[in-house]
Amino acid sequence: MNRTLRLSVPLALTLLALAAGGCAALGGTRHGQSTSLVDYIDPSGQGRNFEPTIPHLRLPLTVGVAFVPSANPHYGTTDDSFTEQEKVEFSERVVERFERLEFVDRIEVIPAVYLRSKGGFTNLDQLRNLYGIDVIALMSYDQVQFTTQDALALTYWTIVGAYIVPAEKNDTHTLIDTAVFDIESRKMLFRAPGTSLVKGRAAPIDLQGTLKRDSVQGFEEAGEDLIANLDVALADLQQRVEDRPDDYEISSRPGYSGDAGALLAALTAGAALAARLASTRERA
């Protein structure tokens, strides 16, 4: 993943520059608001202090949910339509998804004041000690609104690389991205994105009001899409562990009398299968 980050950053920056330049040349305007997961977890941009190891998941898990901060949340002229209260409410919906998992014990919504801009895993280690969490779901967002006759394209930067979409007049593109990390190992367990496209048809006299409404609608629709994708990602976690047992270590905490759940059962089955295959190869 570090190699992907290093190779993709220059490409993404080039695409962003081309997109912005195309807009300016065509006389359009660009408004937006964003937070960057990449800037938060890897502030150096070089993958330093970010070498994932095999995660040791101790069941039941304690999970944190938080939106990453940004040093520059406004890079346009519109107000931030995604308020702190709305972020808390959205975080609660993410919490509901984790509460359904039998191998999750407790979920904490982490207030924004506890996350530092470009805090990285040093900040996450502090949160781990403060809240007693093992895993954290970090959410970021990017919303861009174009008002132009013939925009070229726009680029979102996510944890897995560039996401490029075409842009048209008065389009509002929204991305909300969730990446779930095991804090101790620095390993990303899975991610779930949510996207939205709202096409505006505002007259110039009502442009600002329409952009504001489209912004709110964009976050609502992207949030719904993310929740649906998060359900799929959580359901897929068991299969990932079963298919790749060497990539995870799972154990039960002392005093935990409940069933370790489907995740531990999947790992046990996967490890047993791997052992049988190895024994068969040795006999052969």
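A short note on the pairing of strand β5 (residues 135–147)
- Of all 13 residues that make up β5, 13 are buried, and the element is covered over most of its length.
- Of the two faces of β5, the one carrying Val135, Ala137, Met139, Tyr141, Gln143, Gln145 and Thr147 and the one carrying Ile136, Leu138, Ser140, Asp142, Val144 and Phe146 are both buried.
- Relative to β5, strand β3 (residues 61–67) runs parallel, the two being bridged by five bridges. Pairing of Ala66 across the sheet is with Leu138, part of β5.

Re helix α4 (residues 120–131)
- Compared with an ideal rise of 1.5 Å per residue, which puts twelve residues at 16 Å, α4 spans 17 Å between its outermost C-alpha atoms and is within 8% of the ideal.
- For α4, every residue scored as buried is listed here: Gly120, Phe121, Asn123, Leu124, Leu127 and Tyr131. Summarising the axial view, the buried residues of α4 lie within an arc of 150°, below the 170-degree limit, and thus occupy one face. Pointing more than 90 degrees away from the buried face of α4 are the exposed residues Thr122 and Asn129.
- Here the buried face of α4 lies against α2 (37–41), β4 (104–109), β5 and β8 (171–182).

A short note on the packing of aromatic side chains
- Applying the stated criterion across every chain yields a total of eight aromatic pairs.
- Ring geometry for Phe82 against Tyr141: centres 5.3 Å apart, planes inclined by 80°, an arrangement best described as edge-to-face. Of this pair, Phe82 sits in the loop between β3 and α3 (84–99) while Tyr141 sits in strand β5, and the two are 59 residues apart along the sequence. The same class applies to Phe82 as to Tyr141, namely buried.
- When the ring of Tyr141 is compared with that of Phe219, the centres are 5.5 Å apart and the planes differ by 85°; the resulting orientation is edge-to-face.

What to know about the side chain of Ser185
- Topologically, Ser185 is positioned in the loop between β8 and β9 (187–199).
- Residue Ser185 is classed as buried on the basis of its relative accessible area, which comes to 3%.
- Looking at Ser185, its side chain comes within polar contact range of the side chain of Asp182, at 2.5 Å.
- Leaving out residues up to four positions away in the same chain, Ser185 has contacts with Glu51, Pro52, Thr53, Ile54 and Pro55.

Focus: the confidence of the model for the protein chain
- When pLDDT is averaged along the protein chain, the result is 75; 66% of the residues meet or exceed 70.
- Between the elements of the protein chain, mean pLDDT differs from a low of 41, seen in helix α1 (residues 2–25), to a high of 95, seen in α4.
- Contacts for the low-pLDDT stretch residues 1–27, under 50 throughout, to residues beyond four places or in other chains number 31 contacts.
- Segment residues 73–78 is flagged for pLDDT under 50; beyond a separation of four residues in sequence, or across chains, it makes 20 contacts in the model.

A closer look at the side chain of Ser91
- Structurally, the position occupied by Ser91 is in helix α3.
- Overall, the relative accessible area of 3% leaves Ser91 in the buried class.
- Discounting residues that sit within four places of it in the chain, Ser91 has contacts with Val65, Phe67, Val109 and Met139.

A closer look at a nonpolar patch on the surface
- A surface patch of nonpolar side chains, amounting to about 340 Å² of accessible area, comprises Val113, Tyr114 and Leu130.
- Among the secondary structure elements, Tyr114 is positioned in the loop between β4 and α4.

The rules behind each value
For every chain, the first residue of the written sequence is number 1, and numbering continues from 1 onward in sequence order. Local features in this predicted model are restricted to residues whose pLDDT is 70 or higher, and side-chain atom pairs enter the listing and the counts only when it is 80 or higher, whereas totals over whole chains, interfaces and linings include all residues. Water and hydrogen atoms play no part in the side-chain values, which are based on all heavy atoms of the structure. Accessibility here uses a 1.4 Å probe with only protein chains present; expressed as a share of the type maximum, an area under 20% marks a residue as buried, one over 50% as exposed, and anything in between as partly exposed. Numbering goes from the N terminus for both helices and strands, where a helix is a DSSP run of H or I of at least four residues and a strand is a run of E of at least two. Strands pair, by our definition, only if DSSP identifies at least two bridges between them. The span one expects for a helix is its residue count, reduced by one, times 1.5 Å. Think of the arc as the fan of directions from the helix axis to the C-beta atoms. The contact definition used throughout considers only heavy atoms, calling two residues in contact when any of these lie within 4.5 Å. Any two rings among Phe, Tyr and Trp, with Trp reduced to its six-membered ring, count as a pair given centres within 6.5 Å; such a pair is stacked if its planes are under 30 degrees apart, edge-to-face if over 60, and tilted if neither. Whenever two N or O atoms come within 3.5 Å, that pair is a polar contact, provided that in protein one can donate a hydrogen and the other can accept it, and provided that, for residues adjacent in sequence, both atoms are side-chain atoms. The predictor rates its confidence in each residue with pLDDT, a number between 0 and 100. Residues qualify for a patch when their relative accessible area is over 30% and they have no salt bridge, like charges being joined within 9 Å and the nonpolar side chains of Val, Leu, Ile, Met, Phe, Trp and Tyr within 5 Å. Using a 1.4 Å probe, accessible areas were evaluated by the Shrake-Rupley method; residue-level cover was limited to the displayed protein chains. By salt bridge we mean one thing: a side-chain nitrogen of Lys or Arg within 4 Å of a carboxyl oxygen of Asp or Glu.

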